[in-house]
Amino acid sequence: MNASSVGAEPSSEPTPLEVRIHRGAHEIGGNCVELRHGPDTLILDIGKPLTAAWGDVVPLPEAIGFDDNGARPLGVIISHGHQDHWGLAPQLPSDIPVFIGEGAADILRAAEFWGSGVDLHEAGHLHDRVPFTLGPFTITPYQADHSAYDAFSLLVEAGGRSLFYTGDIRGHGRKASAFEGLLTDPPSPVHTILMEGTSFRVPGTDPGTDPEPTEHLGCPETLTESEVEVELADTLKAMTGLVVVLGSAQNIDRLVTVYRAALRSDRDLVVDLYTADIAAATGRPSIPAVGDAWPRVHVFAPLRQRVRVKESGEFDRVERVKDRRLFAEQLRERAGELVLFGAYQGEIPSLIRDGLLAGGAVVWSMWDGYLGEPSGQRLQKVLQAANVPLIQHHTSGHATPADLVRLVDALKPEVVVSIHTEALDAYASAVGGVVQPHADGTWWTV
Ligand SMILES: [Zn+2]
């Protein structure tokens, strides 16, 4: 349908598709976008700012109609399972339907026991390039390559206009084919892209609060996940003792990377109870998990997790992995044949005390900014005192500026609106005159 033909009278204006960013126009994190078509509204992401701690209460954005007085949105679509995109969802009125990828929802449910997830009680799931409608809105999810599992970009069409919201996206992870597929077979027409810009930098500044920084435009240092795998394997081969890789269990790409690097160096993978639960929650047979199908995957439970299980009384959590459990004696006996991955940062002092890291190393496989935080500084001191090397192997969850420019070139929008960025000038100068920024809280038309 041609946009000019929408409406009761040929001479009347079509109902516009309007947008306002509630949070995220000028910051990385806390994404929340409201779409409006006539009396109907839709929410894309309902994130918590990265500056807020896990337990902090941040109010829902005002004026969305979440209170009892306003018109309720038809739904909340969550692009992926990072807290800066879903963190305020538990505060939503329960009658507003929530949609998210099934794997992402299952991971968050599995993470709830371990204090880093939630049951979203979602009303439906997103599927790659399968459109669905909510009132006047047609939503088509596009699988996105990102450091969160089961992530999507979202095409939203209403009244003959279309908005493509990237969510968080990259082109150098294990789902790079999804990114390339988007470039070669893009939705059309896309009138406006609402595009993340995490990797743009204010010249001459530090990476700031970015959880996953990347390098500058065209800079060759942005590694692919496959390159991280090769470099990590080299480290594992060079070490004679136990190697502990500290990373996010919910970064499934990285779990696969560490597993593959372990095999390349003829080591077995050992994960903590939380990581084991997350891997199982993907429901994907190709993801390394604890069980008969993966004889080279084992479990070593950190003290804090054992305490949590004991206090909860949910002993099935250790019972179901008992055939695969290793204990400190076995880590010592097989130190040079193993690599630990997951939530082991709190366990490092006791591993050192027990002599388990002799000839080994700790690998930092997260954003290096966390090393500057108090817990990261404590870790560095402990490792220095014990003469255990700390080695970094990581790549960002966010597209390089060069890949973002490729995305814009492929989708050929009339307008690009920035979100999830702290460097608007760098963003605009790289992407060009098509960029039209909008402040948080202001309405604009697609
Ligand atoms: Zn993300």
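In this report, the structure presented in the accompanying data block is examined. For every chain, the first residue of the written sequence is number 1, and numbering continues from 1 along that sequence. Under the rules for a predicted model, residues below a pLDDT of 70 receive no local features and side-chain atom pairs below 80 are neither given nor counted, while totals for whole chains, interfaces and linings still include all residues. Side-chain descriptors were evaluated using all non-hydrogen atoms of the structure, hydrogens and water having been removed beforehand.

Here we come to the overall build of the chain. In DSSP terms, a helix is any run of H or I states spanning at least four residues, a strand is any run of E spanning at least two, and both are numbered starting from the N terminus. The secondary structure content of the chain amounts to 13 helices and 19 strands. Here the radius of gyration uses the C-alpha set of atoms, whereas the globule reference equals 2.2 Å times the residue count to the power 0.38. The C-alpha radius of gyration of the chain comes to 23 Å, within 12% of the 22 Å expected for a compact globule of 446 residues. On the principal axes, the C-alpha backbone points of the chain span a range of 80 × 50 × 35 Å. Going through the 446 residues of the chain one by one, you find that 56% of them count as buried. Contacts: residue pairs with any heavy atoms within 4.5 Å of one another. For the chain, the proportion of contacts with a sequence separation of at least 24, taken over those separated by at least 6, is 72%. Two residue types count as positive, namely Lys and Arg, and two as negative, namely Asp and Glu; His and chain ends fall outside the count. Charge placement uses NZ in Lys and CZ in Arg. For Asp and Glu, CG and CD serve respectively. Considering the chain, the positive charge centre built from 35 side chains and the negative charge centre built from 60 side chains are found 8 Å apart. Relative accessible area decides the class of each residue, using a 1.4 Å probe on protein chains only: under 20% of the type maximum gives buried, over 50% gives exposed, and in between gives partly exposed.

Geometrically, a pair of aromatic rings is defined through the distance of the ring centres and the angle of the planes. Centre distance within 6.5 Å is the pairing criterion for rings of Phe, Tyr and Trp, where only the six-membered ring of Trp is used; planes under 30 degrees apart are then read as stacked, over 60 as edge-to-face, and the remainder as tilted. Summed over all chains, the structure comprises seven aromatic pairs. Taking 5.7 Å as the distance between ring centres and 70° as the angle between the ring planes, the aromatic pair formed by Tyr-142 and Phe-164 counts as edge-to-face. Of this pair, Tyr-142 sits in strand S8 (residues 137-144) while Phe-164 sits in strand S10 (residues 161-165), placing them 22 residues apart in sequence. For the ring pair Phe-200 and Tyr-427, a centre distance of 4.9 Å and an interplane angle of 45° mean the geometry is tilted. Here Phe-200, found in the loop between strand S11 (192-196) and helix H4 (225-238), pairs with Tyr-427, found in helix H13 (residues 424-431); they are 227 residues apart in sequence, far enough to count as distant. In this structure, Phe-200 and Tyr-427 share a single accessibility class: buried. We call a charge positioned over a ring when the NZ of a Lys or the CZ of an Arg lies within 6 Å of the ring centre and within 35 degrees of the ring normal. Arg-36 extends its terminal NZ or CZ atom over the ring of Trp-443, reaching a point 3.9 Å from the ring centre. Its guanidinium or amino end placed over the ring of Phe-113, Arg-317 lies 3.6 Å from that ring's centre, counting from NZ or CZ.

Okay, the pattern of salt bridges next. Each salt bridge in this description consists of a side-chain nitrogen of Lys or Arg and a carboxyl oxygen of Asp or Glu lying within 4 Å of one another. One pass over the full model with this rule turns up 26 salt bridges. The partner of Arg-170 in a salt bridge is Asp-253, and the shortest N-O contact between them spans 2.8 Å. Here the residue Arg-170 occupies a position in the loop between S10 and helix H3 (176-184), and Asp-253 occupies one in helix H5 (residues 252-264), the gap between them amounting to 83 residues. Residue Arg-170 shares its accessibility class with Asp-253, and that shared class is buried. Of the charged contacts in the structure, one is a salt bridge between Arg-406 and Asp-403, with a shortest N-O distance of 2.9 Å.

Time to look at the pairing of S8. Summarising burial for S8: six of the eight residues are buried, a large majority. Whether two strands pair depends on DSSP finding at least two bridges between them. Across three bridges, the pairing between strand S7 (residues 132-134) and S8 is antiparallel. Looking at S8, one finds that Thr-133 is bridged to Thr-138. Here S7 folds back onto S8 in antiparallel fashion, the turn holding two residues, of which Gly-135 has a positive phi close to 55°. As paired elements, S8 and strand S9 (residues 151-158) share seven bridges and run antiparallel to each other. In the sheet register, Ile-139 faces S9, and the bridge partner there is Val-156. Between S8 and S9, which pair antiparallel in sequence order, lie six residues; one of them, Asp-150, sits at a positive phi of approximately 60°.

Below, the discussion takes up the pairing of S10. Within S10, four of the five residues are buried, leaving the element largely enclosed by the surrounding structure. Sheet topology note: the S9/S10 ladder contains five bridges and is antiparallel. Looking across to S10, one finds that Ala-158 is bridged to Arg-161. Between S9 and S10, which pair antiparallel and follow one another directly, the connecting turn spans two residues, one of which, Gly-159, has a positive phi of 60°. Relative to S11, S10 runs parallel, the two sharing three bridges. Each bridged residue has a counterpart across the sheet, and for Tyr-165 the counterpart in S11 is Leu-194. When the strands point away from the viewer, a crossover counts as right-handed if the route from the first strand across the helix to the second turns clockwise. In this region the chain leaves S10, passes through H3 and returns to the parallel neighbour S11; the handedness of that crossover is right-handed.

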